[in-house]
Structures are given as structure tokens and as C-alpha cells.
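Chain and residue survey
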Amino acid sequence: MPTANLRTKLIYSSGDLSVAVPLSIINFFQLYFLTDVAGLPPAYAGWALLIGKIWDAVNDPLIGVMVDRISHPFGRRRLLMLLGTLPLGLGFYLMWLIPPWSPLLLILYYAGTVILFDTGFTLVHIGYNALTPSLTSDYGERSGLNGIRMSFQLIGSIGAIVVLTLLAGGAADEGELYRRMGLILALAAVLPVALVLGVTAPYKETQAAGLSPRESMAATLRCRPFRLFVLLYLLVWTTASIMSSTLVYFARHYLNVPHLANYLVLTAQCSAILFIPSVVGMSRRLGKHRALIAGSLWWLIALIGICLLPRAAVPAAFALAGACGLGIATAYVVPWSMLPDIIEHDAVATGFRREGAFYSFAAFFQKLGTALAIWLMGQMLQLSGYRSGADLAGRLLPESAVATIRLFMGPLPAMLLLGAIVAALRYPITREVHEENLRRLKVMEAST
């Protein structure tokens, strides 16, 4: 079975810094930045993000099915990463500026920055993730590779939040803080791409798919394991996004410890790194779908526990945020180790390896679900009477707004995780099925 050496795995995995650095700040702080720093009403902020994210979701399958048909001396996956680097960095920097415009113009501005950033992100992300099947075809080793990748991703996430926390001490106000952070982390996001462009896969890039874009889309959506994967991935990742966006609000307005908000976020992320070896071990012992079930169930219990805490129970909140690390690590590691198995399962049926289509459709549904969840959060905060920090002027939020924050901290993500568990119970690709698929692929390749 083709495999990559440790050096190649480490260099490849470092590319996840280009994903983690911007996404960690976006997931944890973008909605808060728009409402409490840029001063947009929550409903307006929700619309700005939804407009940008709808484009982000739509461009994934369009780019994915097209790239599967491209042949290029540089490699179609590496070409995508190269094209996406500039808009990735520039878009991230621009989204943290505050132009002196009306709220309606700010909606368009922030939607535009999201579109620019996400176009670059899609190019880099699809190209980067589509390299995974070329590095190893071993069922268990893919969990290990994704464990290394997600360690880099979580380290990058923690590093980005640490940078934001350290910059806070020297900034005159939050506007200047986020502007400085945007410039520094934009540079940090684009530099790792250069490392990955130098990775040499153990075997050459697969041939371009012969299916038309319409045929490729239809074949992708007909794949039953992929449909189940999309459902469980959408649900666990939407849970992670909701938790990320809610933690800052929960610390500031329920626990009443705004100075500890970043540290609550760091606790959850640091804990996730520590749990990655456990998740990789569970995937190898139990199988990937069972590991996802176990991690999701643990996460569900921890989130309900946080939601039910009394306001004074700050130490318990930190402990439960740490407990959520197992669920976060599961959401990071397990789905991305399942997808290469699905690509090979599909290759047995169609005769083509269509990495771009599968990775792009996975990103499409994940981003669409996340966008709708954050949009819903913005609308519900607006209806509940939420006011930004400037509007509050030292006053507490109305209880209706606090109740909405708690809803997004516990019951809503718990329902999503229950759905993910049900989908995982029906997932059909076990280790034995995967090994049979590899055997059949080897026979097919030998006959051509």
C-alpha cells in the first residue's frame, strides 16, 4: 500500500496552519466582531455572513468537479493552492477593518470580504485536502495522518487566539486590536502553503476524471456512504461552529467574566489537542464511525452540562470546556479520515478517483449548514433583545438574550449531535469493506 514517510506527513500537515489560523479567529470572534466592535445589529451581521457563506458553499462543488477534469504539469491540486493564496490572505485582512459607512453598506462590505476570503480558502482547501488519498491508502494510517494534520490545525488555532490575546495589551481599542491581528494572521495563513507546494506524493497524481461536471455531481450524490458522511459531518461541524461562536458570548454575558472569554476558548482548543491521540486510537480500535459516535456522545453530555451551570460556576465551566475537547478532536480527526475511504469506494463503482468532487461537496454542505446556523443565531439574538457592548453601557443583557445564548450553548448543538450519532450508526464502510475496495481497485488497475 502506498504510504508517505514521516517527513512528508509533517510537511503536508503543516499546511493545515493556513486553514486553522484564519478559521479559528473567524469561528470564535467574527460574529462578536461584527456586533460588538463594528457595531452592526445582530440581524445585519447574520445577513452579511450568510450572503458571503452562500457563495462560499456554492463555489465548492463548481470548483471541485472542474478541477477533477484538469491536467496540469504542476499538478491540479497544487495549482489550486497557488491560485488561492493571495485572495485568502487579502480577504482575511480586509474583513477586520471598519469602514466609516452606514450599516447597509457595511453589510455589503463584510459580505464582499467573506466572498473574497472564501474563494481563496476554497481553492487552497480543496487542493490541500485532495492530496490526502495520494499520501496513504491504509485504513488505520489515514486516521494517524489526520491526527497529525489536526494537531497542526489545533496548534494553529491556539496560536492565533494567543496572538489576539497578546495584542490586546497594546491596542488603544478593539478596532485597532482586530486590525493589527488581521494583518499579522493574514501573513501567517499564506506562508504554510509554500511548504505544502513542495511535498512530493509517494505516487503520481491520478488521471483526470472523464465524467462531465453534471455526471460527476450526480454520481457523487448517488453514493450512499457519502450521503451519510455528509449528514454526520455537517452535524458535528455545525456543532463545533455554534459552540465556537457562542463561547465568547457565554463567558461575557452569562458567566459575566469578559476578561476570561479568550481563556475559555483556549481551554477547549488546548484540550482538543490532548485528546487527538485518544481519538486516533479509538478510530483504529473501534472503527471510524464508532469513534465518531463515542466522541459525539461525550461532547453532547459536556455541552448540556455547561448550559445547566449556575452563573457563578466559572471553574466548572472551564472544566467542562476542557471536557468538550474530546468532541472537538473527534469532529476534526474522524470525518476527514473517512472521506478518502469513500473516494476509493466510489472509484470501484465509477472507475475514476474524483477527489475534487467529494471534498468540494463535503465542504459545500458543511459551509451551508454552518452559515445557516450562524445566521439563525444572529436573527435570534436580535429578536431576544441583544445589544452590543457599546449599547449596553454597563448594563446587563435582558434575560431573553441570555436564554438565547444558553440555547445555542447546549440544547441546539445536543440535537445536532444526536442526529450525527444516528447517521454514523448507518455508515457502511468498515475496515473490512475498505480492504475489499482496495483489492478490487488493484485488480482494476492491473487490467488496464
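Per the secondary structure count, the protein chain includes 19 helices and 0 strands. The burial tally for the protein chain puts 62% of its 448 residues in the buried class. The contacts in the protein chain between residues at least 6 apart in sequence include a share of 85% that link residues at least 24 apart.

Our focus in this paragraph is the packing of helix H12 (residues 288–307) against helix H14 (residues 325–350). One way to put it is that H12 packs onto H14 with a least axis distance of 9 Å and a crossing angle of 160 degrees. Relative to H14, H12 is oriented roughly antiparallel. Judged by the sense of rotation from one axis to the other, the crossing of H12 with H14 is left-handed. Residue-level inspection shows Lys288, Ala291, Leu292, Gly295, Trp298 and Trp299 of H12 in contact with H14, the latter providing Leu326, Gly327, Ile328, Thr330, Ala331, Val334, Pro335, Ser337, Met338 and Asp341. For the contact of H12 with H14, the class distribution of residues is 10 nonpolar, 4 polar and 2 charged.

If you want to describe how two helices pack, look at the angle between their axes and the distance between the axes. For the pair helix H10 (residues 224–253) and helix H17 (residues 399–409), interaxial distance at closest approach is 9 Å and the crossing angle is 140 degrees. Relative to H17, H10 is oriented so that their crossing is left-handed. Seen from H10, the contacting residues are Ile242, Met243, Thr246, Leu247, Tyr249, Phe250 and His253; seen from H17, they are Val402, Ile405, Arg406, Phe408 and Met409. Its residues assigned to classes, the contact of H10 with H17 shows 9 nonpolar, 2 polar and 1 charged.

Looking now at helix H2 (residues 17–37). Between its first and last C-alpha, H2 extends only 26 Å over 21 residues, short of the 30 Å set by a 1.5 Å rise per residue. For H2, the principal kink sits at phenylalanine 29 and spans about 55 degrees. By the criterion of burial, H2 is predominantly enclosed, with 20 of the 21 residues buried. Following H2 by one or two positions, glycine 39 adopts a phi angle in the positive range, close to 85 degrees.

Checked against the element boundaries, serine 271 lands in helix H11 (residues 261–286). Every residue in contact with serine 271, bar those within four places of it in the chain, is listed here: Gly322, Ala323 and Gly325.

Further remarks concern the confidence of the model for the protein chain. The predicted structure's coordinates, where accompanied by low pLDDT, should not be read in detail. Of all residues in the protein chain, 85% attain a pLDDT of 70 or more, and the chain-wide mean is 82. Here helix H16 (residues 389–392) stands out as the element of the protein chain with the lowest mean pLDDT, 50, in contrast to helix H13 (residues 314–323), whose mean of 95 is the highest. Confidence drops under pLDDT 50 across residues 200–208; counting only partners more than four residues distant or on other chains, this segment forms 28 contacts. Between residues 390–394, whose pLDDT stays under 50, and residues either more than four places distant or in other chains, the model counts 3 contacts.

Take a nonpolar patch on the surface next. A cluster of nonpolar side chains, contributed by Ile54, Trp55, Val58 and Leu62, occupies part of the molecular surface with about 310 Å² of accessible area. Structurally, isoleucine 54 is set in helix H3 (residues 42–67).

What counts, and at which threshold
- Every chain's residues receive numbers from 1 upward, in the order its sequence appears when written.
- With the structure being a predicted model, the display of local features is reserved for residues of pLDDT at least 70 and the display and counting of side-chain atom pairs for 80 or more, all residues being used for whole-chain, interface and lining totals.
- Remark: hydrogens and water are excluded; side-chain values derive from all non-hydrogen atoms of the structure.
- Only runs of H or I of at least four residues qualify as helices and only runs of E of at least two qualify as strands under DSSP, and these elements are numbered from the N terminus.
- In this scheme, a residue with accessible area under 20% of its type's maximum is buried, one over 50% is exposed, and one in between is partly exposed, where area comes from a 1.4 Å probe on protein chains only.
- Contacts are assigned to residue pairs with any non-hydrogen atoms lying within 4.5 Å of each other.
- Orientation is described by lines fitted to C-alpha atoms, with helices fitted over the stretch in contact, and by angles between N-to-C directions that extend from 0 to 180 degrees.
- Geometric relationships in this document are graded by angle, where less than 35 degrees denotes roughly parallel, more than 145 denotes roughly antiparallel, 65 to 115 denotes roughly perpendicular, and other angles denote oblique.
- Note: crossing handedness is left-handed where the near helix turns anticlockwise from the far helix by less than a right angle, and right-handed where it turns clockwise.
- Side-chain classes are defined by residue name, with Ala, Val, Leu, Ile, Met, Phe, Trp, Tyr, Cys and Pro counting as nonpolar, Asp, Glu, Lys and Arg as charged, and the others, Gly among them, as polar.
- Residue count minus one, scaled by 1.5 Å, sets the expected span of a helix.
- Fitting axes to the seven residues ending at a residue and to the seven starting there, one defines the bend at that residue as the angle between these axes.
- Each residue carries a pLDDT value, the predictor's own confidence for that position, ranging from 0 to 100.
- Candidate patch residues must exceed 30% relative accessible area and have no salt bridge, after which like charges are joined if within 9 Å and Val, Leu, Ile, Met, Phe, Trp or Tyr side chains if within 5 Å.
- Where accessible areas are quoted, they stem from the Shrake-Rupley method and a 1.4 Å probe; at the residue level, only the protein chains shown are allowed to cover.
- Definition used for salt bridges: Asp or Glu carboxyl oxygen within 4 Å of a side-chain nitrogen of Lys or Arg.

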